[in-house]
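Chain and residue survey
Chain by chain, the residues run as shown.
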Amino acid sequence: MGLLFTAKQSFSTWEELGTELFSFADSSTWWIADWLVYGEFVFHDRYEEAIRRTSLSYQTLRNYSWVARRFPLSRRHQGLSFSHHLEVVALEQPEQDYWLGKASELGWSRNKLRREVRGSLLMRQGEPAQLEAGSDDAASDADRTATSPTSTLALLDTTSTSEARPLNLRFSAEDLESLERAARRDGESIETWAAKIVRRAIACS
């Protein structure tokens with residue numbers, strides 16, 4: 001239930017202990033995520049009943065399992081936290097690998113990675129990148145709740161002969177995961193698939 005120091009510790013010992021604790025905390029998030037994926041695959045209906053009895057919110061657990069499915073063990077960066085992976089989970093795999101590689105190479109915090117990714121997306125859409133108000137590189141990466149903000153899906157209608165303009169839509173992590181599954185069934189990227197659905201809705205209106 002807590003951590004009790006029974007003797008005075010040197011600074012180096014205290015610092016080493018903190019490193020181990022944060023490493024353990026982040027590893028346990030991955031363990032919970034993999035536990036969820038296994039339960040969902042093997043136990044189906046009973047799985048949801050079991051996760052409702054845990055201390056974490058349903059949406060948090062869904063985010064955990066989403067990240068674990070998108071990042072199998074072979075693609076996880078050992079030097080980066082679960083939260084780093086959460087920041088890029090909505091991207092296509094090549095982009096995920098690129099940004100995580102940069103974060104690992106340059107020692108970026110989770111918040112630094114978030115700013116770099118969002119700035120790149122804004123530049124791609126022709127908008128000026130802006131720093132997040134109140135962002136702090138020293139913020140904890142051991143984010144136990146992993147409450148992901150809504151993710152932005154930028155649609156670009158490349159089939160039109162007129163000048164293409166991006167449409168930014170915001171979805172929860174769970175909704176975006178459902179969209180990705182539907183797009184994969186049709187063998188298309190999520191952007192192409194979603195743009196097709198929007199055009200179909202316009203044609204039927």
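The rules behind the values
Residues numbered from 1 in each chain as written. Predicted model: local features only at pLDDT ≥ 70, side-chain atom pairs only at ≥ 80, totals over all residues. Heavy atoms only, no water. Core = buried A, V, L, I, M, F, W, Y, C linked by side-chain atoms within 4.5 Å. Buried < 20%, exposed > 50% of the residue type's maximum accessible area, 1.4 Å probe, protein only. Helix = DSSP H or I, 4+ residues; strand = E, 2+ residues; numbered from the N terminus. Expected span 1.5 Å × (residues − 1). Contact = heavy atoms within 4.5 Å. Axes fitted to C-alpha atoms, helices over the stretch in contact; angles between N-to-C directions. Parallel < 35°, antiparallel > 145°, perpendicular 65-115°, else oblique. Nonpolar A, V, L, I, M, F, W, Y, C, P; charged D, E, K, R; others polar.

Things to note about the nonpolar core
Among the nonpolar cores identified, the biggest contains 30 residues, and Val 67, Phe 71, Val 88, Trp 99 and Leu 113 are the most heavily contacted of them. Mapped onto this core, the elements with two or more residues apiece are α1 (11-43), α2 (45-51), α3 (58-70), α4 (82-87), α5 (93-106), α6 (110-124), α7 (173-185) and α8 (190-204). Counting residues per element, this core draws most heavily on α3, at 5 residues.

Looking at α5
Think of an α-helix as 3.6 residues a turn; residues three or four steps apart then line up on the same face. The first and last C-alpha atoms of α5 sit 20 Å apart over 14 residues, in line with the 20 Å expected at 1.5 Å per residue. Along its buried surface, α5 packs onto α3, α4 and α6. Directly beyond the C-terminal end of α5, a positive phi value near 70° is found at Gly 107.

Things to note about the packing of α1 against α3
Contact pair α1 / α3: the axes reach a minimum separation of 8 Å and the direction vectors enclose 90°. What the angle tells us is that α1 and α3 run roughly perpendicular. Between α1 and α3, the contacting residues are Thr 29, Trp 30, Ile 32, Ala 33, Asp 34, Leu 36, Val 37 and Glu 40 on the first element and Leu 61, Arg 62, Tyr 64, Ser 65, Val 67, Ala 68 and Arg 69 on the second. Broken down by class, the residue content of the contact of α1 with α3 amounts to 9 nonpolar, 2 polar and 4 charged.

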